[in-house]
Amino acid sequence: MPETPYRRVLVKLSGEALAAPDGYWLHPPTLAGLAEDIARTIATGIQVALVVGGGNMIRGARISQAGFIDRATGDSLGMMATVMNSLALETALNAAGVQARTMSAVSMPTICETFARQPALHHLDKGQVVVLAGGTGNPYFTTDTAAVLRAAELRCEAVLKATQVDGVYSADPKKDPAATRYDRITHDEAIARDLKVMDTAAFALARESRLSIVVGSVHAPSSITAILTGDAPCTRVVP
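- Identification of the chain as Uridylate kinase from Methylobacterium radiodurans is taken from an unreviewed UniProt entry.
- Of the comments in the UniProt record for the chain, the one headed Sequence similarities (unreviewed entry) reads "Belongs to the UMP kinase family."
- Quoted verbatim from the Pathway (unreviewed entry) field of the UniProt record, the comment on the chain reads "Pyrimidine metabolism; CTP biosynthesis via de novo pathway; UDP from UMP (UMPK route): step 1/1."

**Focus: the environment of Thr30**
Then step 1. If you trace the backbone, Thr30 turns up in helix α1 (residues 28-43).
Then step 2. We classify Thr30 as partly exposed; its relative accessible area is 24%.
Then step 3. Taking the C-alpha atoms as reference, Thr30 lies 27 Å from Thr110; in sequence the two are 80 residues apart.
Then step 4. Contact partners of Thr30, with chain neighbours within four places excluded, come to Ala17 and Leu18.

**Considerations on the sheet that holds strand β11 (residues 234-238)**
Then step 1. Spatially, the nine strands line up as an open sheet ordered β4-β3-β5-β2-β1-β6-β10-β11-β9, and their pairing is mixed. This sheet does not close on itself; its edge strands, each paired only once, are β4 (113-114) and β9 (184-186).
Then step 2. Bridge count for strand β1 (residues 8-13) against strand β2 (residues 47-52) is six bridges, and the pairing is parallel. Within the sheet, the bridge partner assigned to Leu10 lies in β2 and is Ala49.

**Describing the side chain of Thr229**
Then step 1. As for its position among the elements, Thr229 is in the loop between α8 (223-228) and β11.
Then step 2. Of note is the side chain of Thr229, whose polar atom sits 3.3 Å from the backbone oxygen of Ala226.

**Comments concerning the packing of helix α5 (residues 143-153) against helix α7 (residues 200-209)**
Then step 1. Across the interface, α5 lies against α7 with an axial gap of 8 Å and an inter-helix angle of 20°. Comparing their axes, α7 and α5 come out roughly parallel. α7 is crossed by α5, and the crossing has left-handed handedness. Of α7, the residues touching α5 (which contributes Asp144, Thr145, Val148, Leu149 and Ala152) are Ala201, Ala202, Leu205, Ala206 and Ser209.
Then step 2. Partitioned by chemical class, the residues of the contact of α5 with α7 number seven nonpolar, two polar and one charged.

**So, the UniProt feature "binding site: ATP" (unreviewed entry) in the chain**
Then step 1. In the numbering used here, UniProt assigns the feature "binding site: ATP" (unreviewed entry) to Lys12, Leu13, Ser14, Gly15, Gly55, Arg59, Thr163, Gln164, Tyr169 and Asp172. For the annotated residues, spread through 161 residues, the largest C-alpha to C-alpha distance comes to 25.1 Å, inconsistent with a single compact locus.
Then step 2. Topologically, Ser14 is positioned in the loop between β1 and α1.
Then step 3. Of note, Gly55 is situated in the loop between β2 and α2 (60-65).
Then step 4. On the accessibility criterion, Gly55 (22% relative accessible area) is partly exposed.

About the criteria used
Residues numbered from 1 in each chain as written. Predicted model: local features only at pLDDT ≥ 70, side-chain atom pairs only at ≥ 80, totals over all residues. Heavy atoms only, no water. UniProt positions renumbered as here; feature names shortened; annotations may be inferred. Helix = DSSP H or I, 4+ residues; strand = E, 2+ residues; numbered from the N terminus. Buried < 20%, exposed > 50% of the residue type's maximum accessible area, 1.4 Å probe, protein only. Contact = heavy atoms within 4.5 Å. Pairing = 2+ DSSP bridges. Polar contact = N/O pair within 3.5 Å; in protein donor to acceptor, adjacent residues only side chain to side chain. Axes fitted to C-alpha atoms, helices over the stretch in contact; angles between N-to-C directions. Parallel < 35°, antiparallel > 145°, perpendicular 65-115°, else oblique. Left-handed = near helix turned anticlockwise from the far one by under 90°. Nonpolar A, V, L, I, M, F, W, Y, C, P; charged D, E, K, R; others polar.

As structure tokens, this is what we get:
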């Protein structure tokens with residue numbers, strides 16, 4: 001297997017990446033493909049933590065805008081959606097031969113472990129994938145922020161944001177055909193150019209923690225492995 005420049009990374013997946021083409025919240029072939037991709041990443045010697053969103057089921061900010069539910073309750077619903085996605089990923093990873101543990105920031109002891117830093121580090125050191133559910137455990141924070149927070153806590157060397165495009169562009173490439181992709185930029189350059197790498201709180205924490213952010217497409221074959229080994233296009237946002 002090719003080598004990667006990282007020893008430990010946190011992979012951030014959107015909930016939409018797990019959805020079926022017909023809109024159903026989970027697509028088993030996609031889950032299986034992601035699990036096999038992560039298994040290949042593990043085979044390179046890299047340790048992997050995962051954070052997955054819940055947007056395939058519910059977004060707290062969006063549902064609260066409808067006016068019949070408040071934002072804090074909506075975000076609590078979103079946290080529970082991330083737990084369901086995380087348990088599905090854990091099951092797929094185990095089926096692919098990868099030992100995985102779901103740890104939730106929202107305590108659900110009859111369903112999964114409650115997140116605590118030292119046990120999570122222990123699991124990673126043993127070569128297990130830690131699937132981090134429940135966001136930060138607080139409303140008003142996105143799973144992007146949760147991903148950067150957990151990456152800093154778990155001494156990860158980078159956050160890989162697996163998204164819908166193959167990097168960070170000067171403009172939305174779906175709307176502007178003249179948009180150019182950056183291969184490498186700094187945190188300060190991304191802020192000065194108002195590039196939408198992550199939400200503001202997440203990006204500010206990444207800059208403060210001097211965490212590199214790698215942005216690449218979740219749709220390419222063997223995408224996670226290929227991005228981390230340099231075999232797929234991506235953008236590296238570095239301190």
